[in-house]
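Structural description and commentary
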Amino acid sequence: MARDYVPQNPAQYRFFMENLISHVDAHVGVDPPLWPLVPYDRFETLLSRFAAFKTAHDRHMASPTQANRTARDEAKAASVSELRGFVNQFLRFPPVTNSDRVEMGIPNHDTIRTDHTVVTEKVDYVIHLRNIRELLIDFWIQGESHKAKPQGYDGAVIIWGILDAPPASTEDLMHHSMASRTPFSLHFEETERGKTVYIAAAWQNERGIIGQWSEFKNAIVP
């Protein structure tokens, strides 16, 4: 089994995260951002979860009681969960490079031995209205009855954009996320309610190769 890149030791995790956050901030915390597809609000969420862990870690270091240890471990678990989602959704794509991932301590997929050089599977999906300002993308392999992603794949890349007219190409859809499992939620701002969002999806394998894009589908932001 491959070694998990996230350190288990709290002190080592803190060092790992401080390095990763510094590298991300140097690319998204500038104007204009060097990684424009990384949403800054999600980076702020990552910072917030990590800050909560650091506070709990410092408290445990100063007073190593069982209660403080439990609080530290819970804060670390929340921080790690946010980190894994952030990495898989935003740091697996260009313009983030293999060198960037090495600097951040994130393993590159091309170090995994695989023969998957071509993605032949296609994504099919339906859009559900879930909550106010939220749409649910329920996706699967086109032509299959199950909803498991192709074996060894990262998941589906979902791209979307709010437009006044149907997109001419996938380049018109400026937002993207990696959906490692189905269903996947898209969240919107209050000002976007009532507008039309256009969506497309494609599978991505463990080498970072993206397959054919699906047809465009659309929905009204609830």
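Residues numbered from 1 in each chain as written. Predicted model: local features only at pLDDT ≥ 70, side-chain atom pairs only at ≥ 80, totals over all residues. Heavy atoms only, no water.

**Let's talk about the pattern of salt bridges**
Using the following cut-off: What counts as a salt bridge is simple: a side-chain nitrogen of Lys or Arg found within 4 Å of a carboxyl oxygen of Asp or Glu. Think of it this way: any DSSP run of H or I at least four residues long counts as a helix, any run of E at least two long counts as a strand, and we number them from the N terminus. Note on classification: 1.4 Å probe, protein chains only; a residue is buried when its accessible area is under 20% of the maximum for its type, exposed when over 50%, partly exposed between these limits.
A complete count under the given rule lists ten salt bridges for this structure. Of the charged contacts in the structure, one is a salt bridge between Glu82 and Arg42, with a shortest N-O distance of 3.3 Å. Residue Glu82 is located in helix α3 (residues 66-90), and its partner Arg42 is located in helix α2 (residues 40-62); the two are separated by 40 residues in the primary sequence. You can call Glu82 buried: its relative accessible area is 11%. Notably, a salt bridge pairs Asp73 with Arg72, separated by 2.9 Å at the nearest N-O pair. The buried category is assigned to Arg72, whose relative accessible area is 10%. Several salt bridges converge on common partners, so that one network encompasses Arg14, Glu18 and Asp58.

**Quick look at the sheet that holds strand β1 (residues 123-131)**
The following threshold applies: Two strands are counted as paired when DSSP detects at least two bridges linking them. Whenever a helix is involved, its axis is fitted only over the stretch in contact; in every case the axis is a line through C-alpha atoms, and angles between N-to-C directions fall within 0 to 180 degrees.
With respect to topology, three strands assemble into an open sheet ordered β1-β2-β5, the strand pairing being antiparallel. Of all the strands in the sheet, just β1 and β5 (184-187) have a single pairing partner and so form its edges. Averaged over all neighbouring strand pairs, the angle between strand axes comes to 30°, with direction disregarded. The pairing of strand β2 (residues 134-141) with β5 spans four bridges and is classified as antiparallel. Residue Leu135 lies in a different strand from β5, and its bridge partner there is Leu186.

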